[in-house]
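Topology and contacts: notes
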Amino acid sequence: FYIKPGGTYASSEWKGDYYLKAGGYMAKSEFIYDSKYQATYYLDVSGKYVRDQWKEIEGKWYHFRKYGEMDTSKWVGSYYVNADGMMAENEWIYDKNYGGYFYLKGDGVYVRNIYTIDGKKHAFQDNGLWIGEVPEAVNYGNYKNVVFLDPGHGGRDPGAVYNGLREKDLNEILLRVKFNEKAS
């Protein structure tokens, strides 16, 4: 309890690092939303607000800023905290600032490189941004030599070059073969 000068209980207000609820009761081991600061705080077992740290509360992780405000809907290093303040774990999040998706593993860190999710491989950039699903290997059956050509190469862009053979030359040959087939 905290009694103000004049004998009234402090109510719904801060006294230093402590928050006093209605009736002067000190908040302990609970979240408090303060409309004055438009922020959520967590008061530990001693009644002090948690600040400038990650804190595990009932099996979930939360991050609190320098003055105790709970972070929401933002990146904290390689971790992301959702709108409810909980660290994202084993879930996809969309970040409008990056214009793409990220996948957060069970430890809360975003995935990089190739990672399997629900049995499917996905590719991610070094910053965690999702590139796409990795296609499964194609079975080419009896074919031993398969050549893939990008029909966009030609003109100044030679495309791939191997043993002096330019991809643009192959494209031109294929166009002639195709043209001759149509002419016959």
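Just above, that's the structure.
Our subject in this report is the structure included herewith. (Residues numbered from 1 in each chain as written. Predicted model: local features only at pLDDT ≥ 70, side-chain atom pairs only at ≥ 80, totals over all residues. Heavy atoms only, no water.)

Considerations on the sheet that holds strand S12 (residues 120-124)
Quick note on the threshold: At least two DSSP bridges between two strands are required for those strands to pair. In this text, helices come from DSSP runs of H or I with a minimum length of four residues, and strands from runs of E with a minimum of two, each type numbered from the N-terminal end. Axis angles are defined between N-to-C directions and span 0 to 180 degrees, where every axis is a line fitted to C-alpha atoms and, for a helix, only to the segment in contact.
On the basis of which strands lie adjacent, the open sheet formed by 3 strands has the order S11-S12-S13 and antiparallel pairing. Of all the strands in the sheet, the pair left with one neighbour each is strand S11 (113-117) and strand S13 (130-133). Going across the sheet, the axis of each strand differs from the next one's by a mean of 30 degrees, ignoring polarity. Of the pairings in the sheet, the one linking S11 to S12 comprises 5 bridges and is antiparallel in character.

Focus: a nonpolar patch on the surface
As a reminder of what qualifies: For patch building, the residue pool is restricted to those with more than 30% relative accessible area and no salt bridge; the joining distance is 9 Å between like charges and 5 Å between nonpolar side chains (Val, Leu, Ile, Met, Phe, Trp, Tyr). The protein chains shown are the only cover counted for residues, whose accessible areas, like all others here, come from Shrake-Rupley with a 1.4 Å probe. Here, a salt bridge means any side-chain nitrogen of Lys or Arg that lies within 4 Å of a carboxyl oxygen of Asp or Glu. Each residue is placed in one exposure class: buried if its accessible area under a 1.4 Å probe, protein chains only, is under 20% of its type's maximum, exposed if it is over 50%, and partly exposed if it falls in between.
A contiguous nonpolar surface patch, about 410 Å² in accessible area, is contributed by Trp92, Tyr94, Tyr101 and Trp130. Residue placement: Tyr101 occurs in strand S10 (residues 100-104). With relative accessibility at 39%, the residue Tyr101 sits in the partly exposed group.

Digging into the environment of Tyr62
The following threshold applies: We call two residues in contact when some of their heavy atoms are within 4.5 Å.
For Tyr62, the location among the structural elements is in strand S6 (residues 60-64). For the pair Tyr62 and Met86, spaced 24 residues apart in the sequence, the C-alpha separation amounts to 5.1 Å. Beyond its immediate chain neighbours, meaning those up to four positions away, Tyr62 contacts Phe31, Gln53, Trp54, Lys55, Ile57, Met70, Asp84, Gly85 and Met86.

Digging into the pattern of salt bridges
A side chain of one charge can pair with a side chain of the opposite charge if their charged atoms are brought near each other. Following the criterion strictly, the structure yields 6 salt bridges and no others. Here Lys15 ties to Glu13 by a salt bridge, and the two come within 3.4 Å at their closest N and O atoms. The shortest N-O distance in the salt bridge between Glu30 and Lys21 comes to 3.0 Å. Among the charged side chains, a network of salt bridges with common partners joins Asp17, Lys48 and Arg51.

A word on the environment of Lys60
Following the sequence through the fold, Lys60 ends up in strand S6. Expressed as a C-alpha distance, the spacing of Lys60 and Met86, which sit 26 residues apart in the sequence, is 6.4 Å. Apart from the residues lying within four places of it in its own chain, the contact partners of Lys60 are Lys55, Met86 and Glu89.

As for the side chain of Asp44
Convention followed: Charged residues are defined here as Lys and Arg on the positive side and Asp and Glu on the negative side; His and the ends of the chain fall outside this count.
Here Asp44 shows up in the loop between strand S4 (39-43) and strand S5 (53-57). Of the buried charged residues, Asp44 lacks a salt bridge, with Lys55 as the closest side chain of opposite charge at 5.8 Å. Setting aside chain neighbours within four positions, we find Asp44 in contact with Lys28, Ser29 and Val50.

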